[in-house]
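Coordinates in review
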Amino acid sequence: MKRSLFALAALALAFAAAPVRAQLPVSFGIGGGISMPNGDFGKVVSSGWHGTGSLGFGLPAVPLSVRVEGSYSSFSGKNSGPKVNVMSGTVNAVWSGPGIALKPYLIGGVGYYKAKADVSGATSSSDMGFNIGGGVKFSLLGKGAYAEARFHSVQSDPQTTTFIPITVGITF
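These lines cover the structure that appears in this document, whether it is placed above or below. Keep in mind that this is a model prediction, so the values were computed, not measured.

Looking now at the overall build of the protein. Helix and strand counts for the protein come out as two helices and eight strands. Its helices and strands taken in sequence order, the protein reads α-β-α-β-β-β-β-β-β-β from the N to the C terminus. Expressed as a percentage of its 172 residues, the buried residues of the protein come to 31%. When contacts within the protein are restricted to residue pairs at least 6 apart in sequence, long-range pairs at least 24 apart make up 50% of them. Put simply, the protein shows about 10,200 Å² of open surface, and 69% of that area lies on carbon and sulfur atoms.

See below:
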């Protein structure tokens, strides 16, 4: 009898939890904008552009979520130097602040960055890095939208590569 009650309780708990899992907010986003190099990196390349795609996972009524992103940035070279392309994959924590029409947030995380100069014979550099920044979420034509700026620091050898992408995007 105790086993039957335990099994029935476990089954009821599993069915009760199923709608909660179904309500897990998952979002897909695309965006792009300008990327500005900093430090030593800014001495050899000019501002460029970037495009990004993201997948976000959150919990109902919790201001913390996770965003996984893939991004491609292209910087033009200074003084006839080669352009540099940076591909990255990052995992970020996003803390959303209170708001109705505009909802501010903070974002930060770690990732893997692969940079390559667009010149014959150049080898690519793959390094770990981090990013931190903030933005604002808002509604645009019935869809979610966002604008953000982040500081990326790639721990390259012999120098650190840093840049700031300013992104505008939409989420579904």
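Okay, back to it.
Once that is clear, we can look at the pattern of salt bridges. Under the definition given, this model contains five salt bridges. Taking the shortest distance from any N to any O, the salt bridge between Asp-40 and Lys-43 comes out at 3.4 Å. Of this pair, Asp-40 and Lys-43 are both found in helix 2 (residues 39-44), three residues apart, which corresponds to roughly one turn of the helix. Overall, the relative accessible area of 60% leaves Lys-43 in the exposed class. The salt bridge partner of Glu-148 is Arg-150, with a shortest N-O separation of 3.0 Å.

By way of backbone hydrogen bonds, the strands of a sheet pair with one another, either parallel or antiparallel. Spatial ordering of the closed barrel is given by 1-2-3-4-5-6-7-8, a layout of eight strands whose pairing is antiparallel. Geometrically, the sheet is characterised by an average inter-axis angle of 25° between neighbouring strands, direction not taken into account. Where strand 4 (residues 84-96) lies against strand 5 (residues 102-117), 13 bridges are found, and the strand directions are antiparallel. Bridge assignment links Ser-96 to a residue of strand 5, and that residue is Tyr-105.

By the secondary structure assignment, Pro-98 is in the loop between strand 4 and strand 5. Given a relative accessible area of 71%, Pro-98 falls into the exposed group.

So, about the packing of aromatic side chains. We describe a pair of aromatic rings using the distance from one ring centre to the other and the angle between the two ring planes. Tallied over the full model, the rule gives five aromatic pairs. Every member of this aromatic cluster is reached through a ring pair, and the members are Phe-41, Phe-75 and Phe-163. Against the face of Tyr-146 rests Arg-67, its NZ or CZ located 5.4 Å from the ring centre.

Once that is clear, we can look at the pairing of strand 5. Connecting strand 4 to the next strand, strand 5, in antiparallel fashion are five residues. Pairing of strand 5 with strand 6 (residues 125-140), which is carried by 14 bridges, proceeds in the antiparallel orientation. Its bridge partner being in strand 6, Gly-108 is matched across the sheet by Ile-132.

A word on the pairing of strand 7 (residues 143-154). Two strands pair when backbone bridges link them, and strand 6 and strand 7 are joined in this way by twelve bridges, in the antiparallel orientation. Counted as the bridge partner of Asn-131 is His-152 from strand 7. Where strand 6 folds back on strand 7, the antiparallel hairpin that results is connected by two residues, among which Leu-141 adopts a positive phi of roughly 55°. Sheet topology note: the strand 7/strand 8 (residues 161-171) ladder contains nine bridges and is antiparallel. If you follow Gly-144 over to strand 8, its bridge partner there is Thr-171.

Below, the discussion takes up the environment of Ile-132. Of note, Ile-132 is situated in strand 6. By relative accessible area, Ile-132 is classed as exposed at 53%. Through-space distance from the C-alpha of Ile-132 to that of Gly-109 is 6.6 Å; in sequence the pair is 23 residues apart. Filtering out sequence-adjacent residues up to four positions away, Ile-132 remains in contact with Ile-107, Gly-108, Arg-150 and Phe-151.

Conventions used here
Residues numbered from 1 in each chain as written. Predicted model: local features only at pLDDT ≥ 70, side-chain atom pairs only at ≥ 80, totals over all residues. Heavy atoms only, no water. Helix = DSSP H or I, 4+ residues; strand = E, 2+ residues; numbered from the N terminus. Buried < 20%, exposed > 50% of the residue type's maximum accessible area, 1.4 Å probe, protein only. Contact = heavy atoms within 4.5 Å. Areas by Shrake-Rupley, 256 points an atom, 1.4 Å probe, with all protein chains shown as cover. Salt bridge = Lys/Arg side-chain N within 4 Å of Asp/Glu carboxyl O. Pairing = 2+ DSSP bridges. Axes fitted to C-alpha atoms, helices over the stretch in contact; angles between N-to-C directions. Phe/Tyr/Trp six-rings, centres within 6.5 Å; stacked < 30°, edge-to-face > 60°. Lys NZ or Arg CZ within 6 Å of the ring centre and 35° of its normal.

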